[in-house]
Each structure stands twice: as C-alpha cells, then as structure tokens.
Amino acid sequence: MSDRATESAAKDWDPGTYERFRDLRLRPALDLLARVPGLPEGAVVDLGCGAGAAGPALRARFPRAQIIGLDASAAMLARAEATGAYDALVRGDIGTWRPQTPVALVFSNAALHWLGDHERLLPRLADDHVPGGVLAVQMPGNFHAPSHALLREVAARRFPDRFPAEGHVAPVCPARDYVSMLAPLGHVEGWETEYVQRLDPTPEGHPVRAFTESTAMRPFLARLTQDEAASFVEDY
C-alpha cells in the first residue's frame, strides 16, 4: 500500500479503532511540535492529519495562523472537523499535494511512511514555504520490532504467494539519511526517539494486536479475503 488514497471507501480508515491508543500515538507529535521554532506569517498545514489529533495542539501553538488539514480518508476528515481546530480540511493525496501559495509550516505526524520515494517527496514538501518556513515530520521507526516482524512472519508462512519471506525494506530511513537529504535546502535537525509504552489490556484481545490492527496490520488485511483475514489475525 503506497498511500491512504489507494484504498477504497469500503476499506477506509476506522477513526474509532485508531483512536483507542490516541495518547500513545500523539506523544511523538507533541514532542516534534515542541521543537518547531517561531514561524513567519503563513498557513500551517497538518499533512496526513487523520482524525485531527494534532489539530488542537497546532491551534494552541499558532493561534493566529490558518490551520489546514489534509488527508485522503473521508472518515478521518469527518472526525478532524469535529475537533474545531482547523480552518479548512482538504481531502487529497499527500503524494501529489502542493499548496496554492507558500506556507509557513508543513507538519506531518505518522503519515509519510505510507508513501515511498522519500528522496523526492521530502525535498518537494520543503520547497513550498515562505522564507523562514519549516518542514516538521515524524515517522515511526518500529518496522523491525517484534510486533511488526511477526506480521511479516505469519503472512509469509500462511500466504507465501502474496507475502514473500525475503525482500522486506523498511519504508523509513535512518535519521541521518534525511539530514543528508535535506541539508542542501537549509538548516536541518534529525533525531530518533525510542518510546517504551505500556499497552493496557483490551476487551478485544491482546493489546499489541489491537494496536497494530488499525495501522501496521492494514496492508496485510487489505490483500486477504474476510475468512483469510480472520484466520491471519487469530494466528498473529
């Protein structure tokens, strides 16, 4: 799966499932926002805004700026609208999006890892800014964690024709690669943070399964029939 926009409406994101771990998912966004410096005049774009979890924090930090949210999921945008944090919400594809006028901040939390070709994507996103503008991006880096490795292991064992055991490439590069990639465009800061987070029990089953079901498991389930998906989840 290359982007949320590739999914049909029938497989749209489920805001309720995603938000069960809202606080844990929001913490990296708040840490990133704390590192954003003062901005010149211009709009703030929450790229891949999802259900709008970061919207209130962006509004509180930049109360006089126009806050725009963009996402490919209609269900997520409806939930984002309910926050009241955005001046405008746009349904669109991050991979092809360009602002109509230069902006002060492009902020993206846990969205760009769904897209490929970061060598071209991130410099493009950094290009459409007013002087002194900022690109602030957070992407997960847990693709080799047991929770994610087990998804690939079960999928390769159960459905080797669709999920080969070899050839996996993490969609996110080390932070140093992004620093090198963006350094010619201006001042760059890059870092990696490891969060040790406790997952409380859930009525639906193992909490790690519940956590991955709304995110990392989605590309696997999208390629399975309903019966296959149920068997896959049980095995996982």
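Residues numbered from 1 in each chain as written. Predicted model: local features only at pLDDT ≥ 70, side-chain atom pairs only at ≥ 80, totals over all residues. Heavy atoms only, no water.

Buried residues dominate strand E4 (residues 103–109), accounting for seven of its seven residues. Here three bridges tie strand E1 (residues 44–47) to E4, and the two strands are oriented parallel to one another. Along E4, the bridge assignment pairs Asp46 with Phe107. Direction of pairing for E4 relative to strand E5 (residues 129–138): parallel, over a ladder of six bridges. Within E5, the position partnered with Phe107 by the bridge is Ala136. Taken together, E4, helix H5 (residues 118–125) and E5 constitute a β-α-β crossover, and its handedness is right-handed. (Buried < 20%, exposed > 50% of the residue type's maximum accessible area, 1.4 Å probe, protein only. Helix = DSSP H or I, 4+ residues; strand = E, 2+ residues; numbered from the N terminus. Pairing = 2+ DSSP bridges. Right-handed = clockwise from strand over helix to strand, strands pointing away.)

Okay, the packing of aromatic side chains next. Under the defined criterion, the tally for this structure stands at two aromatic pairs. Ring plane angle 15° and centroid distance 6.0 Å describe the contact between Phe220 and Phe232, whose orientation is recorded as stacked. You can see Phe220 sitting in helix H9 (residues 218–221) and its partner Phe232 sitting in helix H10 (residues 226–235), a full 12 residues away along the chain. By relative accessible area, Phe220 is classed as buried at 14%. What makes Phe232 buried here is its relative accessible area of 0%. The rings of Phe163, Phe220 and Phe232 are connected pair by pair, giving a single aromatic cluster. Geometry around Trp191 places Arg35 over its ring, the cationic atom sitting 4.1 Å from the centre. For Arg223, the ring lying beneath its charged end belongs to Phe163, and the centroid distance is 4.7 Å. (Phe/Tyr/Trp six-rings, centres within 6.5 Å; stacked < 30°, edge-to-face > 60°. Lys NZ or Arg CZ within 6 Å of the ring centre and 35° of its normal.)

A word on the pattern of salt bridges. All told, the structure shown has 11 salt bridges when counted by the stated rule. Of the charged contacts, one joins Arg98 and Asp128 as a salt bridge, the two residues approaching to 2.5 Å between their closest N and O atoms. You can see Arg98 sitting in the loop between strand E3 (88–91) and E4 and its partner Asp128 sitting in the loop between H5 and E5, a full 30 residues away along the chain. Taking relative accessible area as the criterion, Arg98 reaches 41% and is therefore assigned partly exposed. On the basis of relative accessibility, which here comes to 16%, the residue Asp128 falls in the buried class. Linked by salt bridges that have partners in common, Arg98, Asp127 and Asp128 make up one network. (Salt bridge = Lys/Arg side-chain N within 4 Å of Asp/Glu carboxyl O.)

Attention shifts here to the packing of helix H6 (residues 146–158) against H10. Between H6 and H10, whose axes approach to 10 Å, the crossing angle comes to 130°. Considering the angle they form, H6 stands oblique to H10. The handedness of the crossing between H6 and H10 comes out as right-handed. Contacts between H6 and H10 involve Leu151, Val154, Ala155, Arg157 and Arg158 on the former and, on the latter, Ser231, Phe232 and Asp235. Grouping the amino acids of the contact of H6 with H10 by side-chain chemistry returns four nonpolar, one polar and three charged. (Axes fitted to C-alpha atoms, helices over the stretch in contact; angles between N-to-C directions. Parallel < 35°, antiparallel > 145°, perpendicular 65-115°, else oblique. Left-handed = near helix turned anticlockwise from the far one by under 90°. Contact = heavy atoms within 4.5 Å. Nonpolar A, V, L, I, M, F, W, Y, C, P; charged D, E, K, R; others polar.)

Let us now look at the nonpolar core. Counting residues in each nonpolar core, the largest one holds 22 residues, and the members touching the most others are Leu47, Ile94, Trp97, Leu112 and Leu122. Counting 20 residues, the second-largest nonpolar core is a separate cluster that includes Leu33, Ala85, Val134 and Ala136. (Core = buried A, V, L, I, M, F, W, Y, C linked by side-chain atoms within 4.5 Å.)

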